[in-house]
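Chain residues, written in single-letter form:
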Amino acid sequence: MKPGIKLIISGPSGAGKGTVINRLLQRLAALHEEAYLSISMTTRYMREGEADGVSYYFTDKPSFERLLDEKGLLEHNCYNGEYYGTPAAPAEEAFAAGKIVLFDIDINGGRQIRERYSDAVTVFLIPPEFRLLESRLRGRATETEDKILHRLEIARDEYAAAVDYDYVVINDSIDDAVEELLSIITAERCRMSRRAKLLTIL
Ligand code: 5GP
């Protein structure tokens, strides 16, 4: 069995993470790789086209805080005034099954997961130019001007904080971004820390 990988994909809002991750999942399925995308829990409103239990588990603040108190989240953050967090149980089950586990979470969450699991791999996904974020966010037309401006402000901070991440993938073309992610998975599997056992000569 190939070893599992914990792959954290962060990036500014509007970088196209969702599209790239969905394409990556399709490619991994075609390669007969066992992959699992962690579904986060959030208190933000449901956007058009989103479904509960698919894009996110949508919940209210008291329920989120209860789960947090019960230690039911691997990490969490408050982003743009709303809670986001990774439910622990399904992710831990996927780790135990040796799957490639993908997390679409922000930098703050990525750091928390890496503190917990030193073998987690972090990727920062960006558009070819920062200014494209603004047009992509406006193109969504789902948020108020205030929220869009705040997302851009957060994006600036995320760019500065991303230096701690292992890899940067540029989402110029979706296919190229997915190929780079597949290469990262392959490279990570070859890491000495994951293969040192194989050097034991009996
Ligand atoms: P959006 O509201 O656009 O769906 O997500 C806003 C930001 O929250 C994105 O950067 C997304 O990656 C991040 N996010 C989504 N789920 C989680 C989570 O469970 N934990 C953390 N820390 N961030 C998350």
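Scroll up a little and you will see the structure.
What you are looking at is a predicted structure, and each value in this text was computed from that prediction instead of being measured.

K.L.:
Can you walk me through the sheet that holds strand β4 (residues 57–58) in this structure?
P.N.:
Reading across the sheet, the four strands line up as β4-β3-β6-β5 and stay open at both edges, with mixed pairing between neighbours. On the outer flanks of this sheet lie β4 and β5 (73–79), each paired with one strand and no other. Summarising the sheet, β5 and strand β6 (residues 82–87) pair through six bridges and their orientation is antiparallel. Directly across from His76, in β6, lies its bridge partner Gly85.

K.L.:
In this structure, what is going on with the layout of surface pockets? I would like to understand it.
P.N.:
Empty space among the atoms can be located by rolling a probe the size of a water molecule over them. In this structure, the largest pocket occupies an estimated 960 Å³ of space. Together, 36 residues line the largest pocket, and Lys17, Gly18, Arg47, Tyr56 and Asp104 are the ones closest to its centre. Elements represented by at least two residues in the lining of the largest pocket include exactly α1 (17–30), β5, β6, α5 (131–140) and α6 (145–161). No other element matches the five residues that α1 contributes to the lining of the largest pocket. For the lining of the largest pocket, the class distribution of residues is eleven nonpolar, 14 polar and eleven charged. In this structure, the second largest pocket occupies an estimated 190 Å³ of space.

K.L.:
I keep staring at the pairing of strand β8 (residues 121–126) and nothing clicks. Help me out?
P.N.:
Note on strand geometry: in a regular strand, side chains alternate between the two faces of the sheet. Extensive coverage of β8 is indicated by the burial of six of its six residues. Burial along β8 is two-sided: the residues Val121, Val123 and Leu125 and Thr122, Phe124 and Ile126 are all buried.

K.L.:
Looking at this structure, how should I read the packing of α1 against helix α7 (residues 174–189)?
P.N.:
To describe two helices that pack against each other, one gives the angle between their axes and the distance between the axes. Where α1 contacts α7, the axes come no closer than 9 Å and their chain directions differ by 60°. The orientation of α1 relative to α7 falls into the category oblique. α7 is crossed by α1, and the crossing has right-handed handedness. For the pair α1 and α7, the contacting residues are Thr19, Val20, Arg23, Leu24, Arg27 and Leu28 in the first and Ile174, Asp175, Ala177, Val178, Glu179, Leu181, Leu182 and Ile185 in the second.

About the criteria used
- Residues numbered from 1 in each chain as written.
- Predicted model: local features only at pLDDT ≥ 70, side-chain atom pairs only at ≥ 80, totals over all residues.
- Heavy atoms only, no water.
- Pairing = 2+ DSSP bridges.
- Helix = DSSP H or I, 4+ residues; strand = E, 2+ residues; numbered from the N terminus.
- 1 Å grid on protein atoms, 1.4 Å probe; cavity = no way out; pocket = protein on both sides within 12 Å on 5 of 7 lines; lining within 4 Å.
- Points joined across faces, edges and corners; volume = space filled by probe spheres on them.
- Nonpolar A, V, L, I, M, F, W, Y, C, P; charged D, E, K, R; others polar.
- Buried < 20%, exposed > 50% of the residue type's maximum accessible area, 1.4 Å probe, protein only.
- Axes fitted to C-alpha atoms, helices over the stretch in contact; angles between N-to-C directions.
- Parallel < 35°, antiparallel > 145°, perpendicular 65-115°, else oblique.
- Left-handed = near helix turned anticlockwise from the far one by under 90°.
- Contact = heavy atoms within 4.5 Å.

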